[in-house]
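# Report on the structure
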Amino acid sequence: SWLLPWFALVSQLPFGSEDRLDNLTSMLLTVGSPTLAAYSLALTVLNGRWIARRFSSYKFPNTRLAVRILSSLQQSSLRINTQDSLLASLVVLPQNDEWWSELVSWLDFTHSWSISAVVSIAWVIIAYVFTVIDSFTGNISATIDTNDEGVGLLWIWLLPVVIGWFQISPKCDAKRINEAMRRANNTAYVAGASGNPILAIYLSQEQAISVVEEVSDPLFHDERCTVPIYNYARFLSWVQSVEKVSETFRAASQHAHLHHSVDPSIEWEKEENHTTGVNPKNRIGTRAQVNAYCVPHGEQSSDCKFMWGPNVFSRIFLASLIALALQWGTTGAAVIAVWFTPTIGKVLYTPVISAISK
């Protein structure tokens, strides 16, 4: 009665990989390593808070949508392409406003609460409460070596992990993510050499923002798998991708704050009814002008790639601390409960032992 509810709760963990073996492996990995499961969960939460603060000061169209999209793609192997003005055009051109809004809509699917999830969680809580109550009823001295509080404490870490994933609602369905990205990228525009935007798919199959669907190198298998427990494997690459998008929005926001149009020959026109105050006419220009607009004012364009993003180590440390506290706050309590349980058994008297005692 104390073990079956926990097994039922395991089925509520988020999966989503196209490979069933990957889903099974992630389930066994979660049960076998609660610290890793809690670590990936804590990293996901901290990343969501970090990216919201990172983009909070930018005043440019689609900034909030970018935060939602990038946060939703934490379960995917994200790829950012800054070549051929792909990313700059995606951020600056008004023709790409539809790309941002439509992708947010297509990614609006969740691993959310359901009746089966609520029942599974309630079953676990009720079973554990009955286990504790049972240990204090009847003759405690006679049952002190047979109660199951230790086993209940050993599994209780699973409860906050499952509830945490339900609250986050990770986007981990690989098929729907890939389909959403393909549909959105079919509508992405890139600035033309003469100023007329053209669909990016007419130039090449490369896209500004995409997800890696297949990886031949087995070393990157965990990074490609969309199961949320593997978020630890995507952490650094995801941060680097977010930084590229963040720098592009920062530069565009800075130019907009200074009332610079993409095309210097066009005077700045304020958009009174827009929260960012950026008129679409101010966001049109040639490919060279769009590229220049995405370079921060007073700085030189640089293709340098940084191995670490900002605040990486602080998030790793805090996520590790949370994961270890959850692991040993529950498993440690189970060990202590079993350790201090007296080992009481029955002494069997045989005729030989009785004769010796006489």
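Just above sits the structure.
Residues numbered from 1 in each chain as written. Predicted model: local features only at pLDDT ≥ 70, side-chain atom pairs only at ≥ 80, totals over all residues. Heavy atoms only, no water.

## Considering the pattern of salt bridges
Operational definition: Salt bridges are defined as contacts in which a side-chain nitrogen from Lys or Arg sits within 4 Å of a carboxyl oxygen from Asp or Glu. Helix and strand assignments follow DSSP, with helices taken as H or I runs no shorter than four residues and strands as E runs no shorter than two, numbered in order from the N terminus. Partly exposed describes any residue whose relative accessible area lies between the buried limit of under 20% and the exposed limit of over 50%, with all areas from a 1.4 Å probe on protein chains only and scaled to the type maximum.
Overall, the coordinates contain 7 salt bridges when judged by the stated rule. Taking the shortest distance from any N to any O, the salt bridge between E179 and R182 comes out at 3.5 Å. In this pair, E179 and R182 are both assigned in helix α11 (residues 174–185), 3 residues apart and thus about one turn of the helix distant. For E179, a relative accessible area of 38% gives the class partly exposed.

## Digging into the packing of helix α3 (residues 34–55) against helix α10 (residues 158–168)
To keep it simple, the criterion reads: Helix axes use the C-alpha atoms of the stretch in contact, all axes being lines fitted to C-alpha atoms, and the angles between their N-to-C directions lie in the range 0 to 180 degrees. Orientation is classified from the angle alone, with under 35 degrees giving roughly parallel, over 145 giving roughly antiparallel, 65 to 115 giving roughly perpendicular, and any other angle giving oblique. Note: crossing handedness is left-handed where the near helix turns anticlockwise from the far helix by less than a right angle, and right-handed where it turns clockwise. Throughout, a residue-residue contact means that at least one pair of heavy atoms, one from each residue, lies within 4.5 Å. Lys, Arg, Asp and Glu make up the charged group, whereas Ala, Val, Leu, Ile, Met, Phe, Trp, Tyr, Cys and Pro make up the nonpolar group; the residues left over, Gly among them, are polar.
Where α3 meets α10, the closest approach of the two axes is 10 Å, and the angle between their N-to-C directions is 30°. Between α3 and α10, the crossing angle belongs to the class labelled roughly parallel. Pair α3 / α10 crosses with left-handed handedness. Residues A37, S40, L41, T44 and V45 of α3 lie in contact with α10, whose contacting residues are P160, V161, G164, W165 and I168. For the contact of α3 with α10, the class distribution of residues is 7 nonpolar, 3 polar and no charged.

## So, the side chain of Q327
Locating Q327 in the fold gives a position in helix α15 (residues 312–339). Judged by its relative accessible area of 9%, Q327 falls in the buried class. With residues up to four places along the chain from it excluded, the contact list for Q327 reads P34, T35 and G332.

## Considerations on helix α4 (residues 63–72)
Buried within α4 we find T63, A66, V67, I69, L70 and S72. Looking at the buried residues of α4, the elements they touch are α3, β1 (78–80), α6 (97–106) and α13 (231–257).

## Looking at a nonpolar patch on the surface
As a reminder of what qualifies: Note that patches include only residues with greater than 30% relative accessible area and no salt bridge, and the join distances are 9 Å for like charges and 5 Å for nonpolar side chains (Val, Leu, Ile, Met, Phe, Trp, Tyr). Accessibility throughout is a Shrake-Rupley quantity obtained with a 1.4 Å probe, and a residue counts as covered only by protein chains that appear here.
The grouping of I125, I126, V129, F130 and I133 at the surface amounts to a nonpolar patch, some 460 Å² of accessible area in total. Tracing the backbone shows I133 in helix α7 (residues 115–135). Among the residues examined, I133 registers a relative accessible area of 46% and is labelled partly exposed.

## Focus on empty space enclosed by the protein
Where empty space is left can be seen by rolling a probe of water-molecule size over the atoms. To be explicit about the condition: Both site types are read off a 1 Å grid over the protein atoms alone. A 1.4 Å probe that fits but cannot get out defines a cavity, while an open set with protein on both sides within 12 Å along at least five of seven lines defines a pocket; lining residues have an atom within 4 Å of a point. Grid points are joined across faces, edges and corners, and a volume is the space filled by probe spheres set on the points.
For the structure on display, the rule yields 4 cavities of 30 Å³ or more. Estimated volume of the largest cavity: approximately 120 Å³. Looking at the largest cavity, the residues that line it are S17, E18, S76, S77, A174, N178, V211, V212, E213, R224, C225 and T226. A breakdown of the residues in the lining of the largest cavity according to their chemical character gives 4 nonpolar, 5 polar and 3 charged. A volume near 80 Å³ is recorded for the second largest cavity. Among the residues making up the lining of the second largest cavity, the classes are represented as 9 nonpolar, 2 polar and no charged.

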